[in-house]
Amino acid sequence: MNISIAEGEYQFARYPETKLVSLQAWNAADELALSYLSELPIGTENMLLYEDTFGVMAIHLHDQHPQVIIQARSQAKAIAKNCFANNQNQPTLFELDSVVDPVRVATVKVPKSADLFELYLQHVHKNLAEGGIVVCSFMTKYFTQKLLDIASKYFHSAKQTKAKKKARLLILSTPKPVEHSDLVRSIPLAGYPNFRQFYGVFSSGNIDYGSQFLMESLRVGPDETAVLDLASGNGVLSAFVLKQNPHAFVHLVDDSWLAVESSKMNVPATSAQFYWNDCLENIQEQSIDLAISNPPFHFGHETNIEVSLSLFEQVHNCLKPKARFVAVANKHLNYVVHLRALFQHVFISNENEKFVVYECRK
Ligand SMILES: C[S@@+](CC[C@H](N)C(=O)[O-])C[C@H]1O[C@@H](n2cnc3c(N)ncnc32)[C@H](O)[C@@H]1O
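In this text, all values refer to a predicted model and were calculated from it rather than measured experimentally.

**Q** Explain the sheet that holds strand E2 (residues 67-69) to me, and be specific about the residues and the numbers.
**A** Read from one edge to the other, the open sheet built from seven strands follows the order E3-E2-E1-E4-E5-E7-E6, with strand pairing classed as mixed. One side of each edge strand has no neighbouring strand; the edge strands of this open sheet are strand E3 (92-94) and strand E6 (155-160). The mean angle between the axes of side-by-side strands here comes to 20 degrees, regardless of whether they run parallel or antiparallel. Across the sheet, helix H5 (residues 145-154) is in contact with E6 and strand E7 (167-175); its angle to E6 comes to roughly 140 degrees.

As structure tokens, then:
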């Protein structure tokens, strides 16, 4: 059966919301996976869904009561909103460290990060029932040999379907007897001998150059004790702040569960509070002396600054009257226009050919 989501009975909205009308909540890869599942001879009980960003798969497959792996807080919110809008009960959501019922059928919408793909495959490999299969869906332009190599590491059988509307499936079955390891990368960082992060966290293998550039010029004052690390990733900026001011207390906020769990390995819990969230609802208004950020401008394969602009507005509310917000960004994003609309004082405290550091005060 060929499933067309646009012509179906459900309505899907994106969360985070976007003004870009070209961005949809699904693509041909989802339709191809749903069509394939509708023709499966085996039952689709005990389904597990990965990277179902907006709940499109969970809602279409609600009769099978799928379990859904949640990587981003925004994903959980998107699924809740779309379930509500379509009068559906919410599926059961799990984080990646959860033990789930043995899985008969898993779907993986192949993420942008090959590391995250491996993390998903290792997780499903651990939880797959005998005879279970994994249906990976992707747009052909994003598929690489590396993804196939990862799949072959965990499964004897990796068969690709024919492409349809520029999407394709990779069907994995017959798990190999692979030993599971912690999918953690060590990140070289002078002065931090054991800096680490899970696979699938931003800037795998090295500290992001933008963050390095921010740290070159950032000096934390002795009175800057209540610090917000917005979009904190592996926690590198918080670790740096605590080195400069050991009396500081850092609040780390990130949408990615893997990022938050990584930062817990790098930033001492005695000086930090970790928030797995996509907004600043947990941070008190006017409570922060210094906010720092290397804000996100990608959402999966899409480049989009809407999330950052929303976070900038929220940061403004959290700052004490004399506090500052220091953010690094790629020059071409030209955040200065947006920051000036929010903050009274915005100046460039450092720049090179690629990055700019903005310092903003109310
Ligand atoms: C450019 S990375 C910076 C990470 C880290 N500060 C570093 O320097 O390596 C941006 C981070 O923003 C996070 N992110 C994306 N959307 C977010 C949101 N709405 N709220 C909080 N964090 C978000 C991503 O998960 C990612 O870890």
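**Q** Report on the packing of helix H6 (residues 209-217) against helix H7 (residues 236-244), specifying residues and quantitative values.
**A** Here H6 crosses H7 at 15 degrees, and the two axes come no closer than 11 Å. It follows from the interaxial angle that H6 and H7 lie roughly parallel. Seen along the crossing, H6 lies across H7 with a hand that is right-handed. Here H6 contributes Ser211, Leu214 and Met215 to the contact with H7, which in turn contributes Val236, Leu237 and Phe240. By residue class, the composition of the contact of H6 with H7 is five nonpolar, one polar and no charged.

**Q** Describe in detail the sheet that holds strand E17 (residues 345-351), supporting the description with residues and values.
**A** An order of E12-E11-E10-E13-E16-E18-E17 is seen for the seven strands of this open sheet, with the pairing classed as mixed. Pairing within the sheet leaves two strands with one partner each, and these edge strands are strand E12 (272-276) and E17. Each strand axis lies, on average, 15 degrees off the axis of its neighbour in the sheet, ignoring direction. The pairing of strand E11 (residues 249-254) with E12 spans five bridges and is parallel. Bridging across to E12, His251 finds its partner in Gln273. Those strands touched by helix H9 (residues 306-318) are strand E10 (226-230), strand E13 (288-293) and strand E16 (319-330), and its axis lies near 155 degrees from that of E16.

**Q** So what about the environment of Phe198? Which residues, and what values?
**A** One can find Phe198 in strand E9 (residues 196-198). Residue Phe198 is classed as partly exposed on the basis of its relative accessible area of 22%. Linking Phe198 and Asn87, residues 111 residues apart in sequence, is a C-alpha distance of 36 Å. Residues within four places of Phe198 in sequence aside, it is in contact with Leu183, Val184, Leu258, Glu261, Ser262 and Met265.

**Q** So what about the site of the ligand? Which residues, and what values?
**A** Around the ligand, a shell composed of 17 residues is seen, among which Ser211, Ala231, Asp254, Asp278 and Asn294 lie nearest. In the model, a nitrogen atom of the ligand is placed 3.0 Å from a nitrogen or oxygen of the Ala231 main chain. In the environment of the ligand, a nitrogen atom lies 3.4 Å from a nitrogen or oxygen atom belonging to the backbone of Ser232. With the chains in place, 90% of the 590 Å² that the ligand exposes on its own is no longer accessible. Of the residues contributing to the shell around the ligand, the split by class is seven nonpolar, seven polar and three charged.

**Q** Break down the nonpolar core for me, with residues and values.
**A** Soluble globular proteins tend to bury their nonpolar side chains together. With 100 residues, the main nonpolar core has Tyr50, Leu121 and Val134 as its most contacted residues. Among the nonpolar cores identified, the runner-up in size contains 27 residues, and Ile283, Ala291, Val356 and Cys360 belong to it.

**Q** I'd love a proper account of the pairing of E13, names of residues and values included.
**A** Judged by how many residues are buried, E13 sits mostly within the fold: six of six residues are covered. Across four bridges, E10 lies against E13 in parallel orientation. Within E13, the residue paired with Leu228 across the bridge is Ala291. As paired strands, E13 and E16 are joined by five bridges and run parallel to one another. Along E16, the bridge assignment pairs Ile292 with Val326.

**Q** Summarise the pattern of salt bridges; cite the residues concerned and give the values.
**A** Tallied over the full model, the rule gives 13 salt bridges. Measuring nitrogen to oxygen at the nearest pair gives 2.9 Å for the salt bridge that ties Lys320 to Asp289. One end of the pair, Lys320, is in strand E16; the other, Asp289, is in strand E13, and 31 residues separate them in sequence. Residue Glu351 pairs with Lys331 through a salt bridge whose shortest N-O separation is 3.3 Å. Of this pair, Glu351 sits in strand E17 while Lys331 sits in the loop between E16 and helix H10 (336-342); the two residues are 20 residues apart in sequence, bridging distant segments of the chain. The partly exposed category is assigned to Glu351, whose relative accessible area is 44%. Each of Glu224, Arg324, Glu359 and Arg361 takes part in a single network of salt bridges with overlapping partners.

**Q** Account for the side chain of Glu118, with residues named and values stated.
**A** Tracing the chain through its elements places Glu118 in helix H4 (residues 114-127). On the basis of relative accessibility, which here comes to 7%, the residue Glu118 falls in the buried class.

**Q** Can you explain the packing of H4 against H5? Please cite residues and give values.
**A** With their axes 10 Å apart at the nearest point, H4 and H5 run at an angle of 20 degrees to one another. Between H4 and H5, the crossing angle belongs to the class labelled roughly parallel. Handedness of the H4/H5 crossing: right-handed. Seen from H4, the contacting residues are Ala114, Phe117, Glu118, Leu121, Gln122 and His125; seen from H5, they are Lys146, Leu147, Ile150, Ala151, Lys153 and Tyr154. Taken together, the residues of the contact of H4 with H5 sort by class into seven nonpolar, two polar and three charged.

The rules behind the values
Residues numbered from 1 in each chain as written. Predicted model: local features only at pLDDT ≥ 70, side-chain atom pairs only at ≥ 80, totals over all residues. Heavy atoms only, no water. Pairing = 2+ DSSP bridges. Helix = DSSP H or I, 4+ residues; strand = E, 2+ residues; numbered from the N terminus. Axes fitted to C-alpha atoms, helices over the stretch in contact; angles between N-to-C directions. Contact = heavy atoms within 4.5 Å. Parallel < 35°, antiparallel > 145°, perpendicular 65-115°, else oblique. Left-handed = near helix turned anticlockwise from the far one by under 90°. Nonpolar A, V, L, I, M, F, W, Y, C, P; charged D, E, K, R; others polar. Buried < 20%, exposed > 50% of the residue type's maximum accessible area, 1.4 Å probe, protein only. Near = heavy atom within 4 Å. Polar contact = N/O pair within 3.5 Å; in protein donor to acceptor, adjacent residues only side chain to side chain. Areas by Shrake-Rupley, 256 points an atom, 1.4 Å probe, with all protein chains shown as cover. Core = buried A, V, L, I, M, F, W, Y, C linked by side-chain atoms within 4.5 Å. Salt bridge = Lys/Arg side-chain N within 4 Å of Asp/Glu carboxyl O.

Function-wise, these values are silent; they only describe arrangement.
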